[in-house]
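Spelled out from the first residue to the last, the chains are:
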Amino acid sequence: MTRATFKIWRGDTNGGELKEYNTDVVEGMVVLDAVHDIQSESANDLAVRWNCKAGKCGSCSAEINGMPRLMCMTRIGDLDLDQPVTVEPIKAFPPLRDLVTDVSWNYRVKEKIKPFKPRPPDAPDGTWRMDQADVDRVQEFRKCIECFLCQDVCHVLREHEKHDSFIGPRFIVYTAALEMHPLDTEDRLPELKVANGIGYCNITKCCTVVCPEHITITDNAIIPLKERVVDRFYDPLKRLFRAITGRKS
Amino acid sequence: MSDYRTIEHDVLVIGAGGAGLRAAIEASASGASVGLVCKSLLGKAHTVMAEGGMAASLANVDDRDDWSTHFADTMRGGQYLNNPRMAELHAKEAPDRVRELEAWGAVFDRTPDGRILQRNFGGHKYPRLAHVGDRTGLEMIRTLQDHGVHQGIDVHMECTVLRLIKDGDRVAGAFGYDRERGKFRVFRCNAIVMATGGIGRAFKVTSNSWEYTGDGHSLAYDAGADLLDMEFVQFHPTGMVWPPSVAGILVTEGVRGEGGVLRNSEGRRFMFDDIPDLYKHQTADNEEEGWRYTQGDKDARRPPELLTRDHVARCILREVREGRGSPHGGVFLDIAWIKDRIQDAPERIKRKLPSMYHQFKELAGIDITSEPMEVGPTTHYAMGGIRVDGDSQMSSVPGLFAAGECAAGLHGANRLGGNSLSDLLVFGKRAGEHAAAFAKDHGTTSADEGQIEDAARWALAPFERVDDGGGPYQVQATLQTRMQELVGIVRQENELREAVGVIGELRGQASKVGVRGNREYNPGWHTALDLHNLLIVSEAVARAALERKESRGAHCRIDYEGKDPEWGSKSIILRKGEDGGMEVSTQPTLELRDDLSQIIEENQA
Ligand code: SF4
Ligand code: SF4
Ligand code: FES
């Protein structure tokens, strides 16, 4: 057992500061355990979101020593305990209280993206046939646990605060999952180009680095969608082809 | 007068996991205005944790499967205490619910000919679980969420309900608070669907998150509804046991479905040592046959690792108690061994069980493609809950419906893996439909201010008491430890009596707990309020366990070993008495229709 020092951001919408807490840590503990211990020992009202404690619900996002991470998947043994461990709320969204931020913007953004629209069932039993190979990529995107760590790290939202004109990597992944779904017939490229602002992304790949689900956000979702947008709106030959054939992309 | 915001809906759904979302979608489709209350953010409910899959006799992998086999498997698993009507409806309607999910955008794993793939699971005769790797629950909740937000449902996130409001016998609304500001909300409505999930936080070692404090069970109980089968708490045989901070986190049964085996410290596959008679004819008696079964050989019988959860959990406990456990007090679950049998074993394990691979790698530093895991039983699921009508899901309180884990009946004495996700969809839909119809047929309700004032006073009381150090977390921790010790996997009379006493004492302590800080996002306050529910469900489990003097399914009494045929046709009901105390009574199980009884017989062969 070791004594460790944590500096946890305490505050609300009006601001706040880092407060120091000490607690005992043992092998195998994660940061969320330490936060819970502090909560039950000396800060009963310390606000923190969590549900699954297994990296599956995406509730416990925070910045640990400045890095966007899931608290429940960050082992204390992997941190340098000679220094205090800082735990702060994610910064791309307004703080509510302590480690809890207002992520409601994400829910509003998602609702605006056109939902799944399947083609009519075409197998004899009234359902569809899909090959595993064709759903593999979509399944990668659908692993997303909506932790919003990628949103937190993306400079377009974090530094430039383009929340009005850019949906962020999470929702590009979501759009990609819909656009690449073998059954989907909806067209989301016009919004992706204009209202959803895919052009703001300059492929820094920071989002891919922090994704706890290891989704290859940039290479597999953003770049292919950027290419589709370019093909559609900037390639005169393809535009002509579409005008003649009436095909989607 | 206290300050609160009033919100009106035809139907209020409390809980936004699979059952709540499905109920809200259905009620909305029936034309009702619907409010959906979630204790957390939308899409974070415990359904995300479900790994293995959802059971439905699609017969995509084995065409011998049909609803009647699924029905018979469910009844056998539940030791015939199930509500047969629910088991029937569930088996019949599950395939449509799965296909509907696909039509809403879910992307299941595929068979070679492009249909929904199904996998083997404990207690299911044929490969029956539609799945997405080992993250089926996430796929389900996300699909329902993404579909649901376009159906005109009002979602109230991070909102906890503390009381139901009544108009005479009928439910008329709910009183709660929002986490963010701590402000009160009063929901006025004409029907309520309870879909709050389980009670796992009443125990120390659990796979459940903080939300699972039995809210729906106790809200309904306080409103006068009957609770049924509360003695049956499922301990999932395989939870992580190390490191300590992750103890209890689930290791999917899918590991065993894919060929994983259980061994003790001597390397022995101890599951072969004790195979119950009820399952002898369909269980392999040698390792070779068991392996062939997991690889899809239709002539092979399943390995004993895939026996029902209650049995596997007890066998593990036996090995540990008799000194043949693993270093951290569990047994070994080995999937890495399949490399002796197939060539691309590590890739296959990572593809079939990606989140298990991830979970062990990151939380325990173990590579499951080359080393065995250490596992032991963890509190997982409440078979018991609010007593409902099998068709409509209405409880004994008019206008109050329940679906999913907080409702009782489908699973009897023990739930089969994979029957939970399908339960959420089948009965979530039914509850939503019937709640909407009830709201329409029975018109509006009214409720007096007194109930609201009373609830508000109760909710704020912890702030007025001094925080004397014995805070809410300490009471909760004591309850969890004592429940684990006294009302756990094996039970006996004196311990159960002690538990009832302990719960009474803790109730006294809970009523004195004071909290610090203010009402905004204050987890100390929330924990203090949740104690009320935890204590009710703990008492219900302990009292029902004391009453049932036999061992059946998940309920194991060392002072009453084996099944007692007389108890085989009795259910235990818990109800709030006039004096506020908990009343225990028994009632005969529901009549089995002749055609259903014949199906059970045919499947015994
Ligand atoms: S790659 Fe694009 S979306 Fe991702 S962090 Fe960089 S700018 Fe943002
Ligand atoms: S894409 Fe990855 S980082 Fe972004 S929200 Fe989803 S899981 Fe989190
Ligand atoms: S608590 Fe669910 S991801 Fe951390």
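Residues numbered from 1 in each chain as written. Chains lettered and ligands numbered in written order. Predicted model: local features only at pLDDT ≥ 70, side-chain atom pairs only at ≥ 80, totals over all residues. Heavy atoms only, no water.

Chemist: Let's hear about the overall build of chain A: which residues, and what values?
Modeler: Across its full length, chain A carries ten helices and seven strands. Here chain A holds 249 residues, and the buried ones make up 57% of them. Long-range contacts, defined here as pairs at least 24 residues apart, represent 60% of the contacts in chain A between residues at least 6 apart. Charged side chains of chain A number 35 positive and 38 negative; the gap between the two group centres comes to 7 Å. (Helix = DSSP H or I, 4+ residues; strand = E, 2+ residues; numbered from the N terminus. Buried < 20%, exposed > 50% of the residue type's maximum accessible area, 1.4 Å probe, protein only. Contact = heavy atoms within 4.5 Å. Lys, Arg positive; Asp, Glu negative; His and termini not counted. Charge placed at Lys NZ, Arg CZ, Asp CG, Glu CD.)

Chemist: Before we move on, can you summarise the site of ligand 1 with the specific residues and values?
Modeler: Residue and element names in this part refer to chain A. Close to ligand 1 lie Cys154, His155, Pro169, Cys201, Asn202, Ile203, Thr204, Lys205, Cys206, Cys207, Thr218 and Ile222, which account for all nearby residues. For the shell around ligand 1, the elements supplying multiple residues, two or more each, are helix H8 (206-210) and helix H9 (217-234). Class assignment for the residues of the shell around ligand 1 results in seven nonpolar, four polar and one charged. (Near = heavy atom within 4 Å. Nonpolar A, V, L, I, M, F, W, Y, C, P; charged D, E, K, R; others polar.)

Chemist: Now, about the packing of aromatic side chains: what can you tell me, with residues and values included?
Modeler: Residues and elements named next belong to chain A. Taken as a whole and assessed by the stated rule, the structure comprises eleven aromatic pairs over all chains. Taking 5.9 Å as the distance between ring centres and 35 degrees as the angle between the ring planes, the aromatic pair formed by Phe93 and Trp105 counts as tilted. With a gap of twelve residues between them, Phe93 in the loop between strand S5 (85-88) and strand S6 (95-97) and Trp105 in helix H2 (residues 104-112) connect regions that are remote in the sequence. Of the residues examined, Trp105 reaches a relative accessible area of 11% and is grouped as buried. (Phe/Tyr/Trp six-rings, centres within 6.5 Å; stacked < 30°, edge-to-face > 60°.)

Chemist: A description of the nonpolar core should follow, citing residues and the corresponding values.
Modeler: Core analysis: the biggest nonpolar cluster contains 261 residues, and A:Phe6, A:Met71, B:Val11 and B:Leu164 have the highest contact counts within it. Setting aside anything within four residues of it in sequence, one finds B:Val11 in contact with B:Ala27, B:Ala32, B:Ser33, B:Val34, B:Gly35, B:Ala191, B:Val193, B:Ala435, B:Ala436 and B:Ala439. B:Leu81, B:Phe232, B:Tyr381 and B:Ala554 belong to the second-largest nonpolar core, a separate cluster that totals six residues. (Core = buried A, V, L, I, M, F, W, Y, C linked by side-chain atoms within 4.5 Å.)

Chemist: Before we move on, could you go through the site of ligand 2 and cite the residues and values that matter?
Modeler: Near ligand 2 the following residues occur: A:Cys144, A:Ile145, A:Glu146, A:Cys147, A:Phe148, A:Cys150, A:Arg170, A:Cys211, A:Pro212 and A:Ile217. A breakdown of the residues in the shell around ligand 2 according to their chemical character gives eight nonpolar, no polar and two charged.

Chemist: Which residues make up the sheet that holds strand S13 (residues 233-240) of chain B, and what are the values?
Modeler: Residue and element names in this part refer to chain B. The sheet built from four strands is open, its strands ordered S13-S16-S15-S14 with antiparallel pairing. Two strands close off the open sheet at either side, each with one partner strand: S13 and strand S14 (261-263). The mean angle between the axes of side-by-side strands here comes to 45 degrees, regardless of whether they run parallel or antiparallel. In the sheet, strand S15 (residues 331-334) pairs with strand S16 (residues 373-382) via three bridges, with the strands oriented antiparallel. Considered in S16, the bridge of Val331 is made with Val375. In the packing of helix H9 (residues 309-321) onto the sheet, contacts are made with S13, S14, S15 and S16, and the angle to S13 comes to roughly 55 degrees. (Pairing = 2+ DSSP bridges. Axes fitted to C-alpha atoms, helices over the stretch in contact; angles between N-to-C directions.)

Chemist: Hey, could you go over the domain arrangement of chain A for me, with residue numbers and the actual values?
Modeler: Residues and elements named next belong to chain A. Under the domain assignment used here, chain A contains domain 1 (2-101) and domain 2 (104-245). Computed over C-alpha atoms, the centres of domain 1 and domain 2 are 31 Å apart. On the side of domain 2, 15 residues touch domain 1, which itself brings 14 residues to the contact. Interface area, domain 1 with domain 2, both sides summed: about 1,100 Å², of which 63% is carbon and sulfur. It is Pro68, Ala92 and Phe93 that lose the most area in domain 1 upon contact with domain 2, and together they represent 47% of the buried surface on that side. At the boundary of domain 1 with domain 2, the tally comes to one salt bridge. Here Arg158 makes a salt bridge to Glu63, at a shortest N to O gap of 2.8 Å. (Domains from an automatic or database assignment. Buried area = accessible area lost by both parts, 1.4 Å probe. Salt bridge = Lys/Arg side-chain N within 4 Å of Asp/Glu carboxyl O.)

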